[in-house]
Amino acid sequence: MKGLAQESEDIGATKKTLWIAAGLIGRERIGCLAHVEQYTAGSPVVKWLYATQGRAQQLGKAHMPKIAKFIALHSFRAGTGRSSLIANFAPLLAMEGKRVAVVDTCLRTGNVSALLGFDEKAVPCSFHSYYAAQCALWQAAYEVTARTGEALSGRIYLVPANPTPEQIEVIRRDGYDPDQLADGFAELVERLALDFVLLDLDFGIDISTMSLIALADALLVLMRHDKRDYQGTSVIIELARQLDVPEIFLLMNEVPPSFDNADFEARVAELYSCPVAGVLPYTEEMATLQRGAIFVLQHPDHPNTHIMGAALKAIAAVTPAR
C-alpha cells in the first residue's frame, strides 16, 4: 500500500493548492494538476461557491417533498463506472418495491440510457429540454422497468440527458438555476410518487455539477486507485463539504484483486475522513458484461453484487435533508 501512503502525503502537502485548483472549472476540466498554480481563488467555481453557499439548500431542498431521497453519483474523471453503478442501483431499489427516477444530467459522457436499453434520441423530452423550458421535467421521465427483463415490484423511470452543443457551453459556464431545478424536481417527485432520485452527474468539477451536488441528500464519489483520482477526489469532497451536503460517501471501483479490501477501505476512509461505502474489485464478469445488460440482474449471487447492495443500503439510509 505504499502508493496510498504516497497519495496521503501528496494530498496533505497540496491541500491549499487543490482548493485553488477548483478554478480550472468553468472553462476547462482538471486534467492534470501540474498546472494548478496558474489558477487563483477568484475562479468562477470558487466565486459561485461563496455567492450561493446555502442558497441551493434554502431555495431547493425546502421546496422538495420529504418523501424522496436525492442521491448524486459523481467522479473526478470519466470512466470510473458511475453510470454503470446507477444502472445497478436502480433495479436493486426497485426489487425492494421502491419507485426510482434515474436522472442523467451528463453534458458529455453519460451512457446510463444505453445501459438501461433506452434510445434517448428517439424521444422528444429530456433533462436539458426541460431546462430549456420546452417541457416539464416529469414529462421527460420514461418508465424503463420492463427493459430490465425482470419482474420488479417497484418502478424505474429514466430522465435522459440529451443536451444540445449550445446548452453544453452555456451550462458549463453559468451552471443551473437552483430555483428551476427545485421546481422541476418537486413536480417530478410528486407526479411519480418517487422514493428515490438518482442523479448521474458529469465527471470533473464545474459550476453545473456544484449546482446539482448542492441539492443532494447524499453524494457518492467514485474513484479508482489512480493518482489523479486521489487528488481530484480531494477537491470534490472539500467543495461538497462547503456546500453542506449532509452525507458524503466514497466507493472504490476496479480495485486490483490482490488488495486486502478491508485494509484498503480503512486507509481510504482515514485519508479523506469520509466513509467508504464499498470496494469493488476488478472482475472479468463486470469487464466483459454485454452492453445493455445489468450486472446485478445477470449475476445476483456474485460478490460484487453483494458489495453494491450493501453500499446502496448504507447510502439509502440517509434521511432527506428537508
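Here the structure is a predicted model, which is why all the values come from computation and not from measurement. (Residues numbered from 1 in each chain as written. Predicted model: local features only at pLDDT ≥ 70, side-chain atom pairs only at ≥ 80, totals over all residues. Heavy atoms only, no water.)

1. Concerning the packing of aromatic side chains
Counting across every chain of the model gives six aromatic pairs. On the numbers, 5.4 Å between centres and 85 degrees between planes, the contact of Phe70 with Phe185 is edge-to-face. Pair noted here: Phe70 is in strand β1 (residues 69-75) and Phe185 is in helix α9 (residues 178-192), with a separation of 115 residues, a long-range link. By the burial criterion, Phe70 is buried, and Phe185 matches it. Each ring, one from Phe127 and one from Tyr176, has its centre 5.6 Å from the other, and the planes form 70 degrees; the classification is edge-to-face. Taken as a pair, Phe127 in helix α7 (residues 127-131) and Tyr176 in the loop between α8 (165-174) and α9 lie far apart in primary sequence, 49 residues in all. Taken as a pair, Phe127 and Tyr176 share a single burial class, namely buried. Three or more aromatic residues link up through ring pairs in this structure, and these residues are Phe70, Phe127, Tyr131, Tyr176 and Phe185. (Phe/Tyr/Trp six-rings, centres within 6.5 Å; stacked < 30°, edge-to-face > 60°. Helix = DSSP H or I, 4+ residues; strand = E, 2+ residues; numbered from the N terminus. Buried < 20%, exposed > 50% of the residue type's maximum accessible area, 1.4 Å probe, protein only.)

2. Details of the confidence of the model for the protein
The pLDDT averaged across the protein works out to 81; a share of 78% of its residues lies at or above 70. Contacts from residues 13-43, a stretch scored under 50 in pLDDT, to residues over four places away or in other chains number 58 contacts. This model gives residues 53-62 a pLDDT under 50, and the stretch forms 22 contacts once residues within four places in sequence are excluded. (pLDDT = per-residue confidence, 0-100. Contact = heavy atoms within 4.5 Å.)

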